[in-house]
Every structure is written in C-alpha cells, then in structure tokens.
Amino acid sequence: MRFIWLFLPILLFSEVKEMESFITEYEYGEMLYNNPRGISCAQCHGPFGEGKKIVHYKENGETLTIMGADIRNKSLNEMLKSIGIYHEVMPRYYLTDDEVKSIYEFLKEKNKK
Ligand code: HEC
C-alpha cells in the first residue's frame, strides 16, 4: 500500500498531460484571441472580429470615434503583417506566426458557426 505514494505523482502527471491534449485548435485560438499577452483583441475587434467602437471623444466640439477594424475577412498574410507592426491605437503584440495563425483559424471557424 505504501508504494502508491511512489506512483501518485506519475498518475497525476499523466492526467494533466491528457487534459492538455483536450484543448482543441479552436479553443487554443480562442484563448489567444481573448487573452493574448495582456490586452484582448476582442476588446477592440469584438467577439467575432467584426470591429467595435473603442472610444468616443470630443475635439473642437466634434465627437470623434475610434473603431477597431473589422478583421473577419483578413487573409492570414494580412494578419501576420498587421500584428507585427506598430499602430496608432492597437498595441504591438509579440505573437509567433503560429499564434497568429491560430487566432486567424479561430476567427474563421467562429464566423462559420
Ligand atoms: C486597443 C484596441 C485594439 C486591440 C487590443 C487590438 N486591436 Fe487590432 N486594430 C485596432 C485598430 C484601431 C485598428 C485599425 C487602425 C490601426 O490602429 O492601425 C486595428 C487593426 C487591426 C488589423 C488590421 C486591419 C486592417 O484593416 O488592415 C488586424 C489584422 C488586427 N487589428 C488584429 C488584431 C488582433 C489579432 C488583436 C489581438 C492580438 C488585436 N488586433 C488587438 C485596435 C486594436
């Protein structure tokens, strides 16, 4: 009965391993889209990448709106290019190409549903 303690860590570990593989590509992309390195893409691009109002502000009596772009129909190449450069509003992310690809696939899949 004592040797169960020897095997317990192995049992637990293999369970964790198994749980990891339960994450699908879709869920991985979803996770990245909603929580990449701090600021969620969804905050500015909406849950489907459809674009969203970020802020209203007044300048010289005019109300201006900053919008997050509609990114549903962006190609993977456009996504890769756009995420890798500096923008005025959008933060610079340091995502790998694979991570951007997962976000791209996730948005494509989500908009099919
Ligand atoms: C703080 C708000 C904000 C966040 C967070 C944000 N974006 Fe953006 N994004 C923008 C705005 C605004 C634009 C369009 C103008 C610009 O800033 O150049 C844009 C542009 C883009 C474009 C290019 C669209 C075009 O028309 O070429 C892509 C692709 C994109 N964002 C993807 C993402 C992804 C993926 C994430 C998460 C990793 C993200 N953005 C996070 C605000 C945001």
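Residues numbered from 1 in each chain as written. Predicted model: local features only at pLDDT ≥ 70, side-chain atom pairs only at ≥ 80, totals over all residues. Heavy atoms only, no water.

For the protein chain, an unreviewed UniProt entry supplies the name Cytochrome C oxidase subunit III and the organism uncultured Sulfurovum sp.

This paragraph deals with the nonpolar core. Counting 14 residues, the largest nonpolar core has Y33, M79, I83, L95, V100, I103 and L107 as its most contacted members. At the level of elements, α2 (25-34), α4 (76-83) and α5 (97-112) are the ones that each hand at least two residues to this core. For this core, the element with the most residues is α5, which contributes five residues. Look past the residues within four positions of V100 in its chain and what remains in contact with it is L76, M79, L80, I83 and L95. (Core = buried A, V, L, I, M, F, W, Y, C linked by side-chain atoms within 4.5 Å. Buried < 20%, exposed > 50% of the residue type's maximum accessible area, 1.4 Å probe, protein only. Helix = DSSP H or I, 4+ residues; strand = E, 2+ residues; numbered from the N terminus. Contact = heavy atoms within 4.5 Å.)

A few words on the environment of I83. In this fold, I83 is placed in helix α4. According to the relative accessible area criterion, I83 is buried, its value standing at 11%. I83 sits 14 residues away from D97 along the chain, and the two C-alpha atoms are 9.7 Å apart. Residues contacting I83, with those up to four places away along its chain left out, are M90, R92, Y93, L95 and V100.

Reference geometry at the metal: tetrahedral coordination by four donors gives ideal angles of 109.5 degrees; octahedral coordination by six donors gives 90 or 180 degrees. Only H45 (NE2) and M90 (SD) from the protein coordinate the iron atom of the ligand, and they sit 1.9 to 2.1 Å from it. With six donor atoms in place around the iron atom of the ligand and angles of 84 to 179° between them, the coordination shape is octahedral. Here M90 lies in the loop between α4 and α5 and H45 lies in helix α3 (residues 42-45), a separation of 45 residues in the sequence. A relative accessible area of 11% places H45 in the buried class. (Donors = N, O, S within 2.8 Å, 3.2 Å for Na, K, Ca; no water. Tetrahedral: all angles 85-135°; square planar, octahedral: opposite > 155°, others 65-115°.)

Aromatic ring pairs are defined here through the distance separating the ring centres and the angle between the ring planes. Scanning the entire structure with this criterion turns up two aromatic pairs. Between Y26 and F106, the aromatic rings sit 5.2 Å apart at their centres with planes inclined by 55°, giving tilted as the arrangement. Of this pair, Y26 sits in helix α2 while F106 sits in helix α5, and the two are 80 residues apart along the sequence. The interplanar angle of 45° and the centroid separation of 5.6 Å between the aromatic rings of Y33 and F106 together place this pair among those described as tilted. Pair noted here: Y33 is in helix α2 and F106 is in helix α5, with a separation of 73 residues, a long-range link. A single burial state applies to Y33 and to F106, both of which are buried. (Phe/Tyr/Trp six-rings, centres within 6.5 Å; stacked < 30°, edge-to-face > 60°.)

Our focus in this paragraph is the site of the ligand. C41, C44, H45, H87 and M90 are the nearest of the 20 residues found near the ligand. Note that a nitrogen atom of the ligand is positioned 2.7 Å from one of the side-chain N or O atoms of H45. Contact distances for the ligand include 2.7 Å between an oxygen atom and a side-chain N or O atom of H87. Looking at the shell around the ligand, the element that brings in the most residues is α4, giving three residues. Across the shell around the ligand, the residue classes break down as 15 nonpolar, four polar and one charged. (Near = heavy atom within 4 Å. Polar contact = N/O pair within 3.5 Å; in protein donor to acceptor, adjacent residues only side chain to side chain. Nonpolar A, V, L, I, M, F, W, Y, C, P; charged D, E, K, R; others polar.)

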